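Residue strings, one per chain:
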Amino acid sequence: MKRSKNDHIRSTISRYFKRRQFTESEMPSRKDSRREEPVGDLSVRRRAQSRTSVENTLALSSISGDATACDQQFTRMKAFIINAVSPYGAQLQPLLFPMFAHVFLEMLCNGHKVPAQKFCERHSETFQEDRHQNFIRALKKLESKSQVMASKEVTEFRENRHVLNVTQEVLDYLMRHLKTDDNMIMLQVFNQYIKTIENDSQLHNALELDSVLLEATVEEVQPAPSIQPADPQEESLSIEEELSAAIKALRDLPPCLPSICFFTFLNTYQGLCTATISQDKRKLSGCFEDSTISVWNLEPDVVTRSPADCDISRVFLAADYLHCTEDEIKDKMNQRAKESTETVKLVGHRGPVYRTKFLADPSTHLLSCSEDSTVRLWDLQTQTNAVIYKGHSSPVWDLNVSSTYSWFASCSHDTTAKLWTFERTYPLRSYIGHTMDVDCVEFHPNNNYLATGSGDKTVRFWSLSEGRTVRLLQGHRGSVLALAFSPDGKLLASAGEDRRVRVWDLGTGHAIKDLRGHSDTVYALAFNEDSSLLASGGGDCCIRLWDVKKTVEPHQSESHSSPELLGAFPTKSALISYLGFSPFNILLAAGASS
């Protein structure tokens, strides 16, 4: 019984190693399967194995079948090797083709036939050598795992590991790339199918060359030839050219990813519509479907209330003065001023509140818009409603304030956008042109233009003073729910129900980027301070960061996610309703847990 059990274990181990593409010489033999081993032999064997490289670090972990991740990670590795500096790029170039072939075969064996064929078409042009093209033609004929196993040429290619001769420095350089970024699949393929051999020939050649030069110097000492002094003007020009080239190379690098601070609203039974953070980053507001607005102090301090002379949100009747004088009523109204709380609750709207906006530093006033077709101005010091702006005939979806805080704009279900001043309770101008709801509005950084997004799938760019459409931007396949101008005023980003983020060049009116990657409606957009990075978030509970300055080749834009994607940061279960960059490269975000 014991013998049959051991045989069964050995056969199971043998089948496992064959399934992992190990050769017969690499499999453990019967003499190596001893359960006991002297300490001395164990020490010698461990010391002999201490010089092995990372080739078997993850050989026993399974390779993921995610076709999109395979494509993205190989694209990153290819760009990394092609753009590597000369000492490293030349030694790593032979690695590209075996990695390409093994990734294609893994995708095919995992049942991803169509993605594997697209992967092959996309990257096969990189390899122009005849031997590579011949093997690629053989790969293109394969359509299933059974055909892969039946092909003798492909089976031999998978069983025999590719040998890569590199120096230890180059290997460390490659490992840093594979381990620091999200390249786990490439690391698994590398460990399973690539065998590295440390090559120190370059170091030995350098040492021999140094010794030869040293001997020649000892044997024969000749007077040094006279050196002509360099022209100072030419030397300064060369230094300036090198400095300019270094600055240009630095500017061409991808932007640095920001730190993200996310505020999650929990237990929002009253239904959070959206959230906003003040310009000074000291206050956070949330507007809810129960007609209320809540304001929190982000600093470790309580919110105090100043006394008010009147409360316009309440109407006092004659019956109120039967038992109290006017001074006593005012004292009762200001009793809350003596109490300090952590949250301010503003009540006055007669329908869900859809948007709030803080005014200038120190954020003592707040604007809000609601389903009751009004816009209200709130005094946060007295926590009362100061002004009611009426002009829309339907629910007001969004509002925005100019950077000079001279005007504010609102947009509504009545298909119009309106321009207001704080001194007048009626609109100064109406912008008419959309054929459906105007869902979002945004001021240009120079405050001379206004952008609106609508349910008619268009974005309109308006002249603030003339009230006419300057640009009509078409291309979305659903309602446009979010807009964002770049701080330099050259770009406009728009997004909405079609799950695409489009970036427009305002000079020409053409879309220069069509960013894919979101799986649900996009509700929030924000540019960083130097207009190189765009953040987006929405109903898929994920914040995505995009490099809007990156130049993309046509064949790179066919995957599910756009190549401009720098990173995706999912929340646990919170929908993103606010995004905004703050100084020191910090991205502030807010949303409610679903």
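Residues numbered from 1 in each chain as written. Predicted model: local features only at pLDDT ≥ 70, side-chain atom pairs only at ≥ 80, totals over all residues. Heavy atoms only, no water.

- Looking at an unreviewed UniProt entry, one finds the chain named TFIID subunit TAF5 NTD2 domain-containing protein, with Candidula unifasciata as its source organism.
- Quoted verbatim from the Subcellular location (unreviewed entry) field of UniProt, the annotation for the chain is "Nucleus".
- The UniProt entry for the chain carries the following comment under Sequence similarities (unreviewed entry): "Belongs to the WD repeat TAF5 family." (UniProt positions renumbered as here; feature names shortened; annotations may be inferred.)

**Section: the nonpolar core**
No. 1: One finds Phe74, Met99 and Phe190 to be the most contacted residues of the largest nonpolar core, which totals 47 residues.
No. 2: The set of elements that each furnish at least two residues to this core consists of α3 (67-82), α4 (86-92), α5 (96-109), α6 (113-123), α7 (130-140), β1 (162-166), α10 (168-180) and α11 (184-193).
No. 3: In terms of residue count, α5 provides more of this core than any other element does, 11 residues in total.
No. 4: When neighbours within four sequence positions are excluded, Met99 is seen to be in contact with Phe74, Met77, Met186, Val189, Phe190 and Ile194. (Core = buried A, V, L, I, M, F, W, Y, C linked by side-chain atoms within 4.5 Å. Buried < 20%, exposed > 50% of the residue type's maximum accessible area, 1.4 Å probe, protein only. Helix = DSSP H or I, 4+ residues; strand = E, 2+ residues; numbered from the N terminus. Contact = heavy atoms within 4.5 Å.)

**As for a nonpolar patch on the surface**
No. 1: Taken together, the side chains of Leu257, Ile260 and Phe569 present a nonpolar region at the surface, about 220 Å² in accessible area.
No. 2: Its location among the elements puts Ile260 in strand β3 (residues 259-265). (Patch = residues over 30% accessible without salt bridge, like charges linked within 9 Å, V, L, I, M, F, W, Y side chains within 5 Å. Areas by Shrake-Rupley, 256 points an atom, 1.4 Å probe, with all protein chains shown as cover. Salt bridge = Lys/Arg side-chain N within 4 Å of Asp/Glu carboxyl O.)

**Overview of the pairing of strand β9 (residues 365-370)**
No. 1: Burial analysis of β9 places 5 of its 6 residues in the buried class, the great majority of the element.
No. 2: Bridge count between strand β8 (residues 353-358) and β9: 5 bridges; the pairing is antiparallel. Paired with Thr356 across the bridge in β9 is Ser368.
No. 3: Pairing of β9 with strand β10 (residues 374-379) involves 5 bridges; the strand directions are antiparallel. (Pairing = 2+ DSSP bridges.)

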